[in-house]
Structures are given as C-alpha cells and as structure tokens.
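# Summary of the model geometry
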Amino acid sequence: MEQTQLKYLVFGATGNIGFRVAQRLIDAGIRPSVFVRNAKRARALFGHQVDIHTGDLEKPGHSLHLALTGVDGVFLLTDGPELDKQDHAVSFAAHRAGVRHVVKLSTLDVKTGIGTGPWHARGESAIQESGVTYTFIQTAGFMSNAFGWSDSIRREGVLRSSTGTGKIAFIHPDDTAAVATAALTTRDHDDQALVITGRIALSYGEMAAKIGKAIGKPVSFEEISDRQAYISTVEWAGKGPYTDALVDIWRAVREGKMDTVTKEVKRVIGRQPISFDQWVAENAASFQ
C-alpha cells in the first residue's frame, strides 16, 4: 500500500528562512502549502511546486482555517512586538484543525529578555497554552544581518557598530532552515526548544576583517555609542519597538551577554554549522 505523504504548511515562505524551509521540503519531494500575503510573489518564487493560501495573520479568519485543514505540520515564522497574537491565532487554530506539530522560529534571547526575546517568549507561551505539540527553534542572529553593513563597507570601507569588542555567534540562514526542516519532518524534537548558533562567536571587528579579506580591501571597525546607533537605525527603521530592540541587542553584545555557542546544529543535522567565512565568500559581491 502506498504511504500517504504528510502535508506541511509554511508561514513566511517568501522571506529569508521560510523560503529555505519550503524549498528544502520541495527538494525532498514534498509539496508544501504556503500561507502568504502576496500570492504573485510566492508563485514567482516557487512556480507550481507549492499550494498557495493567502491571508493576513493580523486579521486571521476563514483563510487560516482553510490553510490548516488536513495539515500535519506547520512551520511558523512571525515578527513584531505583538507576534504572540499571531502565534496564538495559528496554534489554537492548528490544534482545532488536528495539526500534529508546530515548529516556531524563535530566538535564543527568550531566556535573557534581551531585544526581541520578550516578544518570542510570549509567543512560545501562547503555543504551549494551545495544547499543540511544538518545537521552538531558538536561533542566534543570522549571518545575513551583515547585509546591513554593505553600504558603509562599499562606500567607506568601514563597519560602524555599538557592539565594541563583544562577540556573537551568527548562524547561516541555511543552518537555521535545515534544523527547522529536520524538526518538522522527523518529529525527533517534539516539545523541545533547540538553541542553535553558529560555529564560533566573533566580534564585529573580526567579522569586518573577514569581509575585507574576502573582497580584497581593508574593512575597519569603528565603535559608536548607543545614541549614535539609535539615530542611525531610526533613519531606516523609524522610531519604535524594533529599533529599541536592535539597540538593546547591540548593547548586550558589547556587554558580553550574546556570545553563546551551542552544538545543537551538529546534533540535529549531523554536521558542523556553516562558517562565517563561507557566508562571506558566498556574498562577497554585496560588499564590493
């Protein structure tokens, strides 16, 4: 008898991590469903390899119920200071629909209360309250955050940050997606929180030097104050909780509170995390 293929629903499938999770499922011969705001963008990314559901988690309704019908597992990616409301809506609707498992992309900062940690802590609590089986992927910051340095590196050969000599173990987005997909498809990590980081913790100065080596020109590090970091972030992100969270994270890096390194990536997917050097080599053109 032919085994029925499990059905997965991916939230945030047009973004950095959600796209990678959906693509990994496709590469494994699985046809996932995706829940997006923009169907045209999803179709451009995935062609006809996915089933597309459109809706808005800030106004969940019948579209969410339809998307969850018949689904076995969910990859949930939410953002913003009120993401717990979205996590609540999805997890409670998933439990009612008979979904067996929700994998939430969270942050390792839930334990420290730094930055966006409190947002995700509330989201995790909402999912636990729903009664659905869960896995929380408590991830370090992504290496792709370094794209935010590209303009100043290209124009001036400098990386400015309020992080001082503090270190952080950024993780490659592919590693985050690989761990999330493994949790979703193997069910080996039900009702667990997986704290995942990159291979080693590096200072922003060390990362600047690695970028400089990859592009063949010196890249210096210039320390700025929290106030300067806030003002420069407001220019592109505006005032509000997100900017406050970023400045809080950078301060925590400077104070040595963000240098956590774990072995969870290797334990879950059987290989070492991808190095920052490799990420830079893959993306050197963005800094030249």
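Residues numbered from 1 in each chain as written. Predicted model: local features only at pLDDT ≥ 70, side-chain atom pairs only at ≥ 80, totals over all residues. Heavy atoms only, no water.

### Side note on the overall build of the chain
Check the secondary structure of the chain and you find twelve helices and eleven strands. Dimensions along the principal axes, computed over C-alpha positions, put the chain at roughly 60 × 35 × 35 Å. In the chain, which comprises 288 residues, the proportion classed as buried is 51%. Accessible surface, the chain: about 13300 Å² in total, of which carbon and sulfur atoms supply 49%. Averaged over its 33 positive side-chain charges, the chain has a centre that lies 3 Å from the centre of its 32 negative ones. (Helix = DSSP H or I, 4+ residues; strand = E, 2+ residues; numbered from the N terminus. Buried < 20%, exposed > 50% of the residue type's maximum accessible area, 1.4 Å probe, protein only. Areas by Shrake-Rupley, 256 points an atom, 1.4 Å probe, with all protein chains shown as cover. Lys, Arg positive; Asp, Glu negative; His and termini not counted. Charge placed at Lys NZ, Arg CZ, Asp CG, Glu CD.)

### Topic: the packing of aromatic side chains
What the rule picks out here adds up to ten aromatic pairs. On the basis of an interplanar angle of 70° and a centroid distance of 6.1 Å, the ring pair of W279 and F287 is categorised as edge-to-face. Of the two residues, W279 and F287, both sit in the buried class. Members of the aromatic cluster, each reached through a chain of ring pairs, are F147, F276, W279 and F287. (Phe/Tyr/Trp six-rings, centres within 6.5 Å; stacked < 30°, edge-to-face > 60°.)

### Comments concerning the sheet that holds strand β3 (residues 51–54)
Taken in spatial order, the seven strands line up as β3-β2-β1-β4-β5-β6-β9 in an open sheet, and their pairing is parallel. A single partner strand is all that each edge strand has here, and the edge strands are β3 and β9 (192–196). Sheet twist, expressed as the average angle between the axes of neighbouring strands with direction ignored, equals 20°. Here strand β2 (residues 33–36) pairs with β3 via four bridges, running parallel. Within β3, the position partnered with V34 by the bridge is I52. (Pairing = 2+ DSSP bridges. Axes fitted to C-alpha atoms, helices over the stretch in contact; angles between N-to-C directions.)

Note that all results are geometric; they support no functional claim without further evidence.
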